[in-house]
Amino acid sequence: QVRLVESGGGLVQAGGSLRLSCAHSIPTFTISSMAWFRQAPGKEREFVATITWSRGSTSYTNSVKGRFTISRDNVKNTVYLQMNSLKPEDTAVYYCASQDSRSSTYDTWGQGTQVTVSS
């Protein structure tokens, strides 16, 4: 069974840093890209960052550019989200997602990890 398992969330003060990890059991030759999304209380889930598995090309939502970095480790089958200069508005449940090479959408999701940034 394909699984995505996030870790690394927690409580941090504004200006601090956290690194989220997403370990997966997906055969890497089937992955087109992986991404991080987040959902704040009372809001819809939103895209944060994505990385293509083969070339490592990245893309970010404007609000996190220059503060967050997405990366992947092909050996460890893990995707990371390094989050620096955190703000209270970054508070959300962060989800990892993967896109199969045959799919046009992110079709596998993790259970989420809570990130809380205090002011």
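Rules and cut-offs
Residues numbered from 1 in each chain as written. Predicted model: local features only at pLDDT ≥ 70, side-chain atom pairs only at ≥ 80, totals over all residues. Heavy atoms only, no water. Helix = DSSP H or I, 4+ residues; strand = E, 2+ residues; numbered from the N terminus. Polar contact = N/O pair within 3.5 Å; in protein donor to acceptor, adjacent residues only side chain to side chain. Contact = heavy atoms within 4.5 Å. Phe/Tyr/Trp six-rings, centres within 6.5 Å; stacked < 30°, edge-to-face > 60°. Buried < 20%, exposed > 50% of the residue type's maximum accessible area, 1.4 Å probe, protein only. Lys NZ or Arg CZ within 6 Å of the ring centre and 35° of its normal. Core = buried A, V, L, I, M, F, W, Y, C linked by side-chain atoms within 4.5 Å. Pairing = 2+ DSSP bridges. Axes fitted to C-alpha atoms, helices over the stretch in contact; angles between N-to-C directions.

### Some details on the side chain of Arg 67
Here's step 1: Checked against the element boundaries, Arg 67 lands in the loop between β6 (58-60) and β7 (68-73).
Here's step 2: Reaching out from Arg 67, the side chain makes a polar contact with the backbone oxygen of Ser 63 at a distance of 2.9 Å.
Here's step 3: One polar contact links Arg 67 to Asp 90, side chain to side chain, over a distance of 2.8 Å.
Here's step 4: Among residues more than four places away in sequence, those in contact with Arg 67 are Gln 82, Met 83, Asn 84, Ser 85, Leu 86, Lys 87 and Asp 90.

### Thoughts on the packing of aromatic side chains
Here's step 1: Taken as a whole, this structure holds three aromatic pairs when the rule is applied.
Here's step 2: The interplanar angle of 75° and the centroid separation of 5.4 Å between the aromatic rings of Phe 37 and Tyr 106 together place this pair among those described as edge-to-face. A residue pair is termed long-range when its members are at least 10 positions apart, and Phe 37 in strand β4 (residues 31-39) and Tyr 106 in the loop between β9 (92-100) and β10 (108-109) qualify at 69 residues.
Here's step 3: Phe 37 gets classed as buried once you look at its relative accessible area, which sits at 12%.
Here's step 4: A centroid spacing of 4.9 Å and a plane angle of 55° characterise the contact between Phe 37 and Trp 109, whose relative ring orientation is tilted. Here Phe 37 is found in strand β4, whereas its partner Trp 109 is found in strand β10, with 72 residues between them in sequence.
Here's step 5: Ring-pair connections join several aromatic residues into one group, and the members of that group are Phe 37, Phe 47, Tyr 106 and Trp 109.
Here's step 6: Taking NZ or CZ as reference, Arg 45 lies 4.1 Å from the ring centre of Tyr 95, over its face.
Here's step 7: For Arg 45, the ring lying beneath its charged end belongs to Trp 109, and the centroid distance is 4.5 Å.

### Brief notes about the nonpolar core
Here's step 1: Counting 27 residues, the largest nonpolar core has Trp 36, Leu 81, Met 83 and Tyr 94 as its most contacted members.
Here's step 2: Elements represented by at least two residues in this core include exactly β3 (18-24), β4, β5 (46-52), β7, β8 (78-83), β9 and β11 (113-118).
Here's step 3: When neighbours within four sequence positions are excluded, Met 83 is seen to be in contact with Gly 16, Ser 17, Leu 18, Leu 20, Arg 67, Phe 68, Tyr 94 and Val 115.

### Here we look at the sheet that holds β3
Here's step 1: With antiparallel pairing, the four strands of this open sheet are ordered in space as β1-β3-β8-β7. In this open sheet, the two strands that pair with only one neighbour each are β1 (4-7) and β7. Put simply, the sheet's adjacent strands are angled 15° from each other on average, direction ignored.
Here's step 2: Pairing geometry for β7 and β8, over six bridges, is antiparallel. Counted as the bridge partner of Ile 70 is Leu 81 from β8.

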